[in-house]
Amino acid sequence: MENALELRGITKRFGPIVANDGVDFDLRPGEVHALLGENGAGKSTLMSVLYGLYKPDEGEVRVDGRHVSIGSPLEAIDLGIGMVHQHFMLVPVMTVAENIVLANEPRKGLLLDFEGASARVRELSDRYGLAVDPDARIEDVSVGMQQRVEILRALYRDARILVLDEPTAVLTAQEARDLFRVLEALKADGTAIVFISHKLNEVLDVADRVTVLRRGKRIDTVPTEGATEESLARLMVGREVLLRVEKAPATPKEPVLEVRELEVRDDRGLPAVRGASLTVHAGEIVALAGVDGNGQSELVEAVTGLRTVDAGSIVVCGDDMTNAGARGMVRHGVSHIAEDRQRRGLVLNFTLSENLALREYNTPKLSRRGWLLIKRMRERAASLIKEYDVRGGGPTSLATALSGGNQQKCVIAREIACDPRVLVAAQPTRGLDVGAIEFVHRRLISERDAGRGILLISLEFEEVRSLADRILVIYEGQIVGEFPPSASEEELGFAMTGGGRKAEAAA
């Protein structure tokens, strides 16, 4: 069978940085071929070359056996190539159907045919089991549905080659399972799929073959049959990786964060956190587990001063800091690894040295008489970039130029380097490769052992159970249970879906 796609000897440079170095890659019809690698390994760059966003410096692209030159995404679409980016590219105020047909609108005479567009969207949705409402506004639908809209947009344009860049990074476990069912339907229809991911278990479940990149070079291509998480991690990183970090028992000390009967509203003015109480002691990691959308984000924003508290209190190291604001929390030693690194963690058009100084730019460390000490900022940034293995740029590089995983490393470096008393870590390893996850896990445990109080919010069962000393489950804005890290997925899952509370109500 002829390959649907071949990339031969692709090289792409950005100044002195070689993002892709003679990479070969091929894709067969009806196949899921995973592209695996560390943050900054060149995966997204390679697919950007395929999609016409970058022009390769060397090498060739072949589609259905013939050489092609792809100068823009429009040319890629005309060749039957679709790409779903890690950060979705949808217009929030438009409907699902309007987003899907954007720039390719069907017409009835001189008028746009939105009824025809909705009918075509429904037909594709039903055919592949995508379950979307064509008339819903994007701003009103879940992240999982937004991703299905992106996939539908590619299929609407007759994509036969589909590139999915970190497709499960922002999905819940159930949304990820729904996506995998869609991929099976697409495979059965002959669609060739490139699946870029850091999640080794998902790669083994979904892919037929795996190509591993390391520092811009292709290391190997292997079938998933017979491969293991450990063997793929070794190919990615070039060494043995601990997929679960060992830690000594915690020795909790005094309370550093006390949340009492907290009441917080969401952006629509509806109750999101309803009487939640929790305590984090110095020297322990407390994990907050729950299905996404059960008040975790609003609780974190209240604790870090980003959202107004309606009732209850937030006490940090014995001081009432309720509604103290973000600056007040920062000054009182609360650090925040934000869930959305691009919206809340970084200023994308700032350099890395500027981003790494955001918490301390107005301290004697980095300024004098109102003037920033630029040289000192850059020296400090260079040190943190090396310590946290941030790849793809230096102190003067813009944050927007880095891969998502390396952006995340910058946020983590800044928030830990300022010596906090309380560290609120929301999805700290989202988008990171296995080697970087191991590093972050080790660092969080090290910070715990140094006496920090850590509140961890994660959607990953294994991460919660690996890092936490205590696990609190949140459901519909209330803390409904406390569990040891030895708790099973079934126990936690039961509580996360309100099982414990329902049982109490029945009794």
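Before reading further, recall that the structure is shown in the block above.
Computed from a predicted structure; not experimentally measured.

Participant: Kindly report on the overall build of the protein, identifying the contributing residues and their values.
Facilitator: What the protein contains, in helices and strands, is 18 helices and 24 strands. A globule of 507 residues ought to have a C-alpha radius of gyration of about 23 Å, and the protein, at 24 Å, matches this closely. Based on the C-alpha atoms only, the size of the protein along its principal axes is roughly 70 × 60 × 50 Å. Out of the 507 residues belonging to the protein, those deemed buried represent 53%. Intrachain contacts of the protein at a sequence separation of at least 6 include 66% that bridge at least 24 residues. A total of about 22200 Å² of accessible surface is found on the protein, and carbon and sulfur atoms cover 50% of it. Each charge class in the protein was averaged separately, 64 positive and 76 negative side chains, and the resulting centres sit 6 Å apart.

Participant: Break down the environment of Tyr 156 for me, with residues and values.
Facilitator: Its location among the elements puts Tyr 156 in helix α5 (residues 143-156). A C-alpha to C-alpha distance of 9.8 Å links Tyr 156 and Gly 82, two positions 74 residues apart in sequence. With sequence-adjacent residues up to four places away left out, Tyr 156 is seen in contact with Ile 100, Val 101, Asn 104, Pro 106, Arg 120 and Leu 124.

Participant: For the packing of α5 against helix α6 (residues 173-188), give the residues involved together with the corresponding values.
Facilitator: In contact at an axis separation of 10 Å, α5 and α6 are set at 15 degrees when each is read in the N-to-C sense. By the angle between their axes, α5 is roughly parallel relative to α6. For the element pair α5 and α6, the recorded crossing hand is right-handed. Side by side, α5 and α6 meet where Val 143, Gly 144, Gln 147, Ile 151 and Leu 155 of the first sit next to Glu 175, Leu 179 and Leu 186 of the second. When its residues are assigned to classes, the contact of α5 with α6 shows five nonpolar, two polar and one charged.

Participant: Would you mind going over the packing of aromatic side chains in detail, with residue names and values included?
Facilitator: For the structure shown, the criterion picks out three aromatic pairs. Ring centres of Tyr 388 and Phe 439 lie 5.4 Å apart, and the angle between their planes is 80 degrees; this geometry places the pair in the edge-to-face category. Remark: Phe 439 occurs in helix α15 (residues 434-449) and Tyr 388 occurs in the loop between α13 (374-387) and α14 (404-417); sequence separation between them is 51 residues. Judged by relative accessible area, which is 3%, Tyr 388 ranks as buried. The residue whose ring lies beneath Lys 12 is Phe 14, and the NZ or CZ to ring-centre distance is 5.3 Å.

Participant: Help me get a handle on the sheet that holds strand β2 (residues 17-27), residues and values and all.
Facilitator: One open sheet accounts for four strands, arranged β2-β1-β4-β5; its pairing is antiparallel. Each edge of the open sheet is held by one strand with a lone partner, namely β2 and β5 (66-68). When the angles between neighbouring strand axes are averaged without regard to direction, this sheet yields 30 degrees. Looking at chain direction, strand β1 (residues 5-14) and β2 are connected through seven bridges and run antiparallel. Considered in β2, the bridge of Lys 12 is made with Asn 20. Across the sheet, helix α1 (residues 43-50) touches β1, β2 and β4 (58-63), and the angle it forms with β1 is around 115 degrees.

What counts, and at which threshold
Residues numbered from 1 in each chain as written. Predicted model: local features only at pLDDT ≥ 70, side-chain atom pairs only at ≥ 80, totals over all residues. Heavy atoms only, no water. Helix = DSSP H or I, 4+ residues; strand = E, 2+ residues; numbered from the N terminus. Rg over C-alpha atoms; globule rule 2.2 N^0.38 Å. Buried < 20%, exposed > 50% of the residue type's maximum accessible area, 1.4 Å probe, protein only. Contact = heavy atoms within 4.5 Å. Areas by Shrake-Rupley, 256 points an atom, 1.4 Å probe, with all protein chains shown as cover. Lys, Arg positive; Asp, Glu negative; His and termini not counted. Charge placed at Lys NZ, Arg CZ, Asp CG, Glu CD. Axes fitted to C-alpha atoms, helices over the stretch in contact; angles between N-to-C directions. Parallel < 35°, antiparallel > 145°, perpendicular 65-115°, else oblique. Left-handed = near helix turned anticlockwise from the far one by under 90°. Nonpolar A, V, L, I, M, F, W, Y, C, P; charged D, E, K, R; others polar. Phe/Tyr/Trp six-rings, centres within 6.5 Å; stacked < 30°, edge-to-face > 60°. Lys NZ or Arg CZ within 6 Å of the ring centre and 35° of its normal. Pairing = 2+ DSSP bridges.

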